[in-house]
Amino acid sequence: DLVGYVVAAGYVVDTSIGLSIAGRVMESKGRKPAAALACCGFAMGFGVLAVADSVPVLFVAACLLGAGNGFSSGLIMTISTDLAPQDLRGPFLSVFRLASDLGIVVGAAASGAIAHASYQAASLAVVAIAIFTLIFALFVVPETRQVNAPPTQTTANALLAVTPDNLLAAAR
């Protein structure tokens, strides 16, 4: 029963950040700060998960992982959209998404194989990957947000713009 509450807590943090904060951070501060926050959430969350020996500690890990996942919401597709050439946007985004999804599959398989040997080792391996990714994102990856570009429509702003009048106008 308690594990369900732990999972729900992580999901609530993930959704709260993903729907309200992540897009605003990407638009106002840039993609790199959002990536840094996501990496920090993942590193701290998996670090806590590696030493979790009680439900409250597992709860903290779930919330940190939810925060990391929330800040990463839409990050890959936002960066790939920033980088996509206008005349090849569809093919570019499909290849970028294929590479991203392949990384998810390979990462899950590798984590599972490592976890088979040691759960703590798998968690600490992800901590190392998150720290490497944080350093790589901050010092190697260029910022893709155009400073002078008008802000794009984020999910949160789009949801806030939904009013009965807008719905009626769209239905006409």
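Quick caveat, the model's predicted, so the values are computed rather than measured.

Lay out the pattern of salt bridges in plain terms, naming residues and giving numbers.
The tally for this structure, following the rule as stated, stands at three salt bridges. A salt bridge links Glu27 to Arg31; its shortest N-O distance comes to 3.5 Å. Since its relative accessible area comes to 17%, Glu27 is described here as buried. Across the pair Asp82 and Arg31 runs a salt bridge, and its minimum N-O distance is 2.7 Å. Of this pair, Asp82 sits in helix α5 (residues 75–83) while Arg31 sits in helix α3 (residues 31–51), and the two are 51 residues apart along the sequence. Assessed through its relative accessible area of 29%, Asp82 is described here as partly exposed. The exposure class assigned to Arg31 is buried, which follows from its relative accessible area of 5%.

Cut-offs applied
- Residues numbered from 1 in each chain as written.
- Predicted model: local features only at pLDDT ≥ 70, side-chain atom pairs only at ≥ 80, totals over all residues.
- Heavy atoms only, no water.
- Salt bridge = Lys/Arg side-chain N within 4 Å of Asp/Glu carboxyl O.
- Buried < 20%, exposed > 50% of the residue type's maximum accessible area, 1.4 Å probe, protein only.
- Helix = DSSP H or I, 4+ residues; strand = E, 2+ residues; numbered from the N terminus.

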